[in-house]
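# Survey of secondary and tertiary structure
The lines below spell out each chain.
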Amino acid sequence: MTAPATPRPPFLRAWLTWTAGSLAFPLAGLAGTAVVGRVDSPVAALVGGAVAGLGIGLGQTLAGRGRLDVRRWVPATGIGMGLGLLLGAVVVGYRTSLPDLALMGALTGLVLGPAQALALPRGTRLRWLWAAAVPALWALGWTTTTLGGIAVDEQFTVFGAYGAITFSALSGLLLLHLLPGRRPAGPPPAPTPVVARA
C-alpha cells in the first residue's frame, strides 16, 4: 500500500509556474528580432523592445495564473520595455560588452520596473520594492546570458534562456511575497441560521 501523495505547498507551485514562464522570454525575443532585426538604432530599440515586452507580459500573466490583470500588465510591460530598451541601448551606444549590457539592462529595468509596479493588482504590499528590484534583476539577466556564452553581439531585444530563468526564479520569489493573497475557490460559506427566541 502506498502513501497518498502530499500536495505541493501553494507558494512552491506558484513559484515553479512563474519560473516556467521564463519560456516567454526567448519567444518574445524572437518576435522582437523578427520585427526589427538587430537593436542598433533608436527605432529598433523602441519597437523591438515593445514587441518583446508585449510577449513577455503575456507570458507572465499566464504564468501568474490569474494574479495579474492582462489588461494592465501586458501594456505596461510593452511600454515599459520599449522605452526602457530605448534608454538603455542609446546610453551604451548599442555596444554588447558585459558592462554595457549590464548597464543597458539596469536602465531598461529602471523604466520597466515602475511601469509594472503601477500595473500590480490592488492590495499589493510594498509595490515600490518591485520597481526597485527590476533594474538589478534585468541587469543580472543580461549578465547571466553573456557569461553563459550566448552570442549577445547579435544585439537581441532581450536576454536569452539563462538570463530568463535567473530573472524569473528570483523575481518570482519577490512577486509572490508582494501580491495579495488569493481567496480559495469555491462557493461562499453558507450563512449561519438565526434562531429566534420565544
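Predicted model, so just to flag it, every value in this text is computed and none were measured.

### A closer look at the overall build of the protein
Broken down by element type, the protein carries 7 helices and 0 strands. Ordered by position from N to C terminus, the α and β elements of the protein give α-α-α-α-α-α-α. If you take every contact in the protein between residues at least 6 apart in sequence, the share linking residues at least 24 apart comes to 70%. Counting only carbon and sulfur atoms, one obtains 70% of the accessible surface of the protein, whose full area is about 10600 Å².

### Some points on unusual backbone geometry
The phi dihedral of arginine 65 is positive, around 50°, even though this residue is not glycine. Take arginine 65: it is sitting in the loop between helix H3 (42-63) and helix H4 (70-91). Residue classification places arginine 65 among the partly exposed residues on the basis of a relative accessible area of 45%. Look at tyrosine 94: it is not a glycine, yet its phi comes out positive at around 65°. Residue position: tyrosine 94 is located in the loop between H4 and helix H5 (98-119).

### A word on the packing of aromatic side chains
One pass over the structure, following the stated rule, counts 8 aromatic pairs. Ring geometry for phenylalanine 25 against tryptophan 138: centres 5.9 Å apart, planes inclined by 45°, an arrangement best described as tilted. With phenylalanine 25 in helix H2 (residues 24-36) and tryptophan 138 in helix H6 (residues 128-147), this pair connects stretches of sequence that are 113 residues apart. Each member of the pair, phenylalanine 25 as well as tryptophan 138, is classed as buried.

### A few points about the pattern of salt bridges
Here the structure, examined in full by the defined rule, presents 2 salt bridges. Between arginine 71 and aspartate 69 there is a salt bridge; the shortest N-O distance is 3.0 Å. Given the relative accessible area of 68%, arginine 71 is considered exposed. With a shortest N-O distance of 3.2 Å, arginine 95 and aspartate 100 are connected by a salt bridge.

The rules behind each value
- Residues numbered from 1 in each chain as written.
- Predicted model: local features only at pLDDT ≥ 70, side-chain atom pairs only at ≥ 80, totals over all residues.
- Heavy atoms only, no water.
- Helix = DSSP H or I, 4+ residues; strand = E, 2+ residues; numbered from the N terminus.
- Contact = heavy atoms within 4.5 Å.
- Areas by Shrake-Rupley, 256 points an atom, 1.4 Å probe, with all protein chains shown as cover.
- Buried < 20%, exposed > 50% of the residue type's maximum accessible area, 1.4 Å probe, protein only.
- Phe/Tyr/Trp six-rings, centres within 6.5 Å; stacked < 30°, edge-to-face > 60°.
- Salt bridge = Lys/Arg side-chain N within 4 Å of Asp/Glu carboxyl O.

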